[in-house]
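Structural characterization, general
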Amino acid sequence: MNIYDECESDGIVFKKNSSTHGGVYCSECPFCGGDDRFVIWPNEKNGGRYWCRKCERKGDLIQYLRDFREMTFIDACDYSGYKHLLNRHSGNYKPKKLKKTAVWEPVEVKYPTNHWQEKALAFVKFTIDTLWHYDEGLEIQDWLNKKRCLNDNTIKEFQFGFLHQQYYRERDTWGLEKVKNEDGSNRKLFLPPGLVIPFTDYGDVLRLRIRRPAGESPKYYIVPGSSMHPFFIGYHSCKEAIVVESELDAILLSQELKGEVLIIALGAVKIRPDKRLTAALAKINHILIALDNDEVCNKEYNNFWKINFTRSIQHNIPDGYGTDPTEAMLIILELHHWYLIGVVGF
């Protein structure tokens, strides 16, 4: 396992920049969006290392898993296989402090290539058919109904699908750059089984996220070539906004609030709004920040949202109702009422 493999499973697409040090690759930064500023060295020790020349985030594979996937240090060591680092740090590991950047600046939206979108659209259609016509797909429907509180109309509207088995495809058939394995063979594009959650905008497929079966890691796999910009529902004419972490939570809120609100799902708490969403948020009356109710998300509100969006307010799920909108609804919290309390609270 190295940092190239893990970044790719998170949807990050690299271009080879140099063959020195066993290979140097660059991409758009998954944290700040800096164009070709994110550099990785997969063959360095401890699974490789990364560095963004813009936001100054840097570290090894363990630090990447902590930064992007929000794993604990112990979990990151266990997942990556680098358990020897646990003894070195004796449980007292602390990530390196980042240099403070002067001002946060949103980045332009980057769309997948037309070739990739054509393949992704065909893939979505195939997985929709599998969801509704295979026995395993019926089990996924039942899970979406009972565990995620989504009705069948919502499942169809957001084009959920189900991939019943894993597939491997040549990368260039999806318009992706060829990548070599260590043995010199061409690396295949991996499409794992699971619930397919597409992010579409006016019919264009921007991202394919696959929620894998329980026990598989990473839990969410982003098909390489996808756009990494935040998922959103409702863009024009909305006067209120809610920011959550999970796309499934965003879709549930859209179902329950019936189009009244711009809903943004970051995917990970450290993902930032792009220029388009930043412009939309500037016209919003109230921005409710409803990230998961934990220490990491609370810190993100104080360190980013409160500073850069003065109309934002932290609006966590109430104590006793879980940490996110779906858990709250399962415990019978009326989400529309919760939303209205947040707006009135301004």
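Description of the structure in this document. Computed from a predicted structure; not experimentally measured.

**Section: the pairing of strand β2 (residues 24-27)**
Residues of β2 alternate between two faces, with V24 and C26 on one and Y25 and S27 on the opposite face, all of them buried. Between strand β1 (residues 15-18) and β2, which pair antiparallel and follow one another directly, the connecting turn spans five residues, one of which, H21, has a positive phi of 55 degrees. Where β2 lies against strand β3 (residues 38-41), three bridges are found, and the strand directions are antiparallel. By the bridge assignment for β3, C26 is matched with V39.

**Overview of unusual backbone geometry**
As a rule of thumb, non-glycine residues mostly have phi less than zero, and peptide bonds are mostly trans rather than cis. Note the cis peptide between S217 and P218, where omega equals 0 degrees. For Y202, which is not glycine, the phi dihedral falls at a positive 50 degrees. Take Y202: it is sitting in the loop between β9 (194-201) and β10 (204-211). Given a relative accessible area of 70%, Y202 falls into the exposed group. Despite not being glycine, I332 shows a phi value in the positive range, around 70 degrees. Mapped onto the fold, I332 is located in the loop between α11 (325-330) and α12 (335-344).

**Some words on helix α6 (residues 135-146)**
Over its twelve residues, α6 extends 17 Å from the first C-alpha to the last, a length consistent with the 16 Å expected when each residue adds 1.5 Å. Of the residues making up α6, those classed as buried are G137, I140, Q141 and L144. Taken down its axis, α6 places every buried residue within 105 degrees of arc, on the same side. Among the exposed residues of α6, those oriented more than 90 degrees off its buried face are D135, E139 and K146. On the buried face of α6, the contacting elements are α5 (114-133), α7 (152-157), β6 (161-163) and β9.

**Comments concerning the pairing of β3**
On β3, burial covers both faces: F38 and I40 on one face and V39 and W41 on the other are all buried. Note that β3 and strand β4 (residues 49-52) share four bridges and pair antiparallel. Its bridge partner being in β4, W41 is matched across the sheet by R49.

**So, the packing of aromatic side chains**
Summed over the entire model, instances satisfying the criterion amount to 20 aromatic pairs. Aromatic side chains F304 and W305 sit 5.2 Å apart centroid to centroid with 85 degrees between the ring planes, which places their arrangement in the edge-to-face category. Taken individually, F304 and W305 each receive the classification buried, so the pair is uniform in this respect. Each member of the aromatic cluster is reached from another via a ring pair, and the members are Y4, F14, Y25, F31, F38, Y50, Y64 and F68. Above the plane of the ring of W41 lies R49, whose end atom (NZ or CZ) is 4.0 Å from the centre. The side chain of K156 reaches across the aromatic face of W132, ending 4.9 Å from its centre.

**Quick notes on the layout of surface pockets**
Put simply, the second largest pocket is a space of about 670 Å³. Around the second largest pocket, the lining is made up of 38 residues, and of these V13, E28, K110, G225 and S226 lie nearest the centre. Taken together, the residues of the lining of the second largest pocket sort by class into 20 nonpolar, nine polar and nine charged.

**Observations concerning the sheet that holds β1**
An order of β1-β2-β3-β4-β5 is seen for the five strands of this open sheet, with the pairing classed as antiparallel. If you trace the sheet from one side to the other, it starts and ends with β1 and β5 (58-60), each paired once. For this sheet, the mean inter-axis angle between neighbouring strands, taken without regard to orientation, is 25 degrees. Taken strand by strand, helix α2 (residues 61-68) contacts β4 and β5, and its axis lies near 120 degrees from that of β5.

Calculation rules
Residues numbered from 1 in each chain as written. Predicted model: local features only at pLDDT ≥ 70, side-chain atom pairs only at ≥ 80, totals over all residues. Heavy atoms only, no water. Buried < 20%, exposed > 50% of the residue type's maximum accessible area, 1.4 Å probe, protein only. Helix = DSSP H or I, 4+ residues; strand = E, 2+ residues; numbered from the N terminus. Pairing = 2+ DSSP bridges. Expected span 1.5 Å × (residues − 1). Arc of directions from axis to C-beta. Contact = heavy atoms within 4.5 Å. Phe/Tyr/Trp six-rings, centres within 6.5 Å; stacked < 30°, edge-to-face > 60°. Lys NZ or Arg CZ within 6 Å of the ring centre and 35° of its normal. 1 Å grid on protein atoms, 1.4 Å probe; cavity = no way out; pocket = protein on both sides within 12 Å on 5 of 7 lines; lining within 4 Å. Points joined across faces, edges and corners; volume = space filled by probe spheres on them. Nonpolar A, V, L, I, M, F, W, Y, C, P; charged D, E, K, R; others polar. Axes fitted to C-alpha atoms, helices over the stretch in contact; angles between N-to-C directions.

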